[in-house]
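Understanding the architecture of this molecule
The primary structure of each chain is shown beneath.
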Amino acid sequence: MPWFTVAVNIERFGALSRWPIAVAPMAGGPSTVDLVLAALEAGAFAFLAGGYKTADALAAEMAGVQAGTDRPFGVNLFVPGEPTESPAALASYVSSLGPDAAALGVELGEARWDDDDYPAKVAMLSADPPALVSFTFGCPSAEVVTALQEKGTLVAVTVTTPEEAMVALRFGVDALCLQGCEAGAHRGHFENDDRPDQDRPLYALLASVARRTRLPLLAAGGVMTSDDVVRVLRSGAVMAQLGTAFLRCPESGTHAVAKASMADPLFERTGVTRAYSGRRARGLVNDFMVERGSSAPAAYPEINNVTRPLRAAAAAAGDPHRMSLYAGASYRLARAVPVAEVVADLVSGLPA
């Protein structure tokens, strides 16, 4: 990509918000219209999470944001992968979940693959584009990238390794979101496998990718304080992207049990597991993760669809040990305060 284009994109990113802070898309409930609006009002940039929603539901949330502000915002989509290559392992794992379902009095979901309504959401966003569309779990096609760019939308792709960054660059994207291994919830890997050296700490990843491209870089993973924000920006990012820092905010849709668990001394650390979804994800280590994590195969979204009723029943019953308590490695620093206060604290170390 010519340097002139890169310079224009950096300038466009600078115009997205008052502060170089982005609220990450957190699918499954935490990212709400209220959270996005509060972040935009505080001068940050914010993403709506498009994952696990139909195109119509996402369009309704976008309309809710547009009704509350004229400030630019982003939308994130999950790029669909392929059905599992291990159907026998999937069947065995689903069978092992029977006692958990019985304990909660629910039936497990169907072990089905789906595309998360991806084509319909891409078509909707191409017709009514936000300022920025980001993609996770892979790259969109070159045709999708071009269609969005022709509407004036910036396109970003989440990457977890320098190799993924190089792949994304070949698709002509405008920016990269670098996800360090400290980040909470699903790892944004392009492939749902167990490759060596795929869990790169954020600053190592940032240093490696910054040497390879001048594209705008968003940096996510373990960023929780004003010092973290300053360090990320000094390391070459144009924006610090945070999710876990906002999970306990009142505007967040995080379940009350999950919010309480983040402050509960019973939960001492995070771990990475496929137990809940069939994809590697970071969350608080609970009984379900310990007991089931090592046996879960790479089968996403099949396992995610299987465990959805179980997770919902656990939340309703106030059972944190069968919930997916997704959070980043520095979750203890998350506070139960309004979004505006979190943003103000994060930018307190920046030059006026």
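A brief report on the enclosed structure follows.

One closed barrel holds the eight strands; their spatial order is 1-2-3-4-5-6-8-9, and the pairing between them is parallel. Direction aside, the axes of adjacent strands within the sheet are offset by 25° on average. Note: strand 6 (residues 175-179) against strand 8 (residues 217-220), four bridges, orientation parallel. Following the sheet pairing, L176 is matched in strand 8 by L217.

What follows deals with the sheet that holds strand 11 (residues 281-284). Ordered in space as 7-11-10, the three strands form an open sheet in which the pairing is antiparallel. Two strands bound the open sheet, and with one partner strand each, they are strand 7 (185-186) and strand 10 (270-273). As judged from the two bridges shared by strand 7 and strand 11, these two strands associate in the antiparallel manner. Looking across to strand 11, one finds that H186 is bridged to A281.

With that settled, consider the nonpolar core. I21, F135, L176 and F246 are the most contacted members of the largest nonpolar core, which has 81 residues in total. If we skip the residues at most four places from it in the chain, L176 touches V157, V159, A165, A168, L169, V209, T213, P216, L217 and L218. If you look at the next biggest cluster of nonpolar residues, it comprises 12 residues, including L16, A22, L154 and A175.

The tally for this structure, following the rule as stated, stands at zero disulfides. Between C249, a cysteine without a disulfide, and C177, which holds the nearest cysteine sulfur, the sulfur-to-sulfur distance is 19 Å. Residue class for C249 comes out buried when judged on its relative accessible area of 0%.

Another point: helix 10 (residues 226-234). Every buried residue belonging to helix 10 is among S226, D228, V229, V230 and V232, and all of these are buried. On its buried side, helix 10 packs onto strand 1 (21-23), helix 9 (202-210), strand 8, strand 9 (239-242) and helix 14 (339-346). Two residues or fewer past helix 10, G236 is found with a positive phi of approximately 120°.

Where burial is concerned, most of strand 4 (residues 132-136) is hidden: five out of the five residues are buried. The alternating pattern of strand 4 places L132, S134 and T136 and V133 and F135 on opposite faces, both of which are buried. With five bridges joining them, strand 3 (residues 74-78) and strand 4 adopt parallel strand pairing. Note on strand 4: the bridge partner recorded for L77 is F135. Strand direction decides the pairing type here: strand 4 and strand 5 (residues 154-159), joined by four bridges, are parallel. Bridge pairing links S134 to A156 in strand 5. Read as a crossover between parallel neighbours, the route from strand 4 over helix 7 (residues 142-150) to strand 5 is right-handed.

What counts, and at which threshold
- Residues numbered from 1 in each chain as written.
- Predicted model: local features only at pLDDT ≥ 70, side-chain atom pairs only at ≥ 80, totals over all residues.
- Heavy atoms only, no water.
- Pairing = 2+ DSSP bridges.
- Helix = DSSP H or I, 4+ residues; strand = E, 2+ residues; numbered from the N terminus.
- Axes fitted to C-alpha atoms, helices over the stretch in contact; angles between N-to-C directions.
- Core = buried A, V, L, I, M, F, W, Y, C linked by side-chain atoms within 4.5 Å.
- Buried < 20%, exposed > 50% of the residue type's maximum accessible area, 1.4 Å probe, protein only.
- Contact = heavy atoms within 4.5 Å.
- Disulfide = S-S within 2.5 Å.
- Right-handed = clockwise from strand over helix to strand, strands pointing away.

That's the geometry; what it means functionally is another story.
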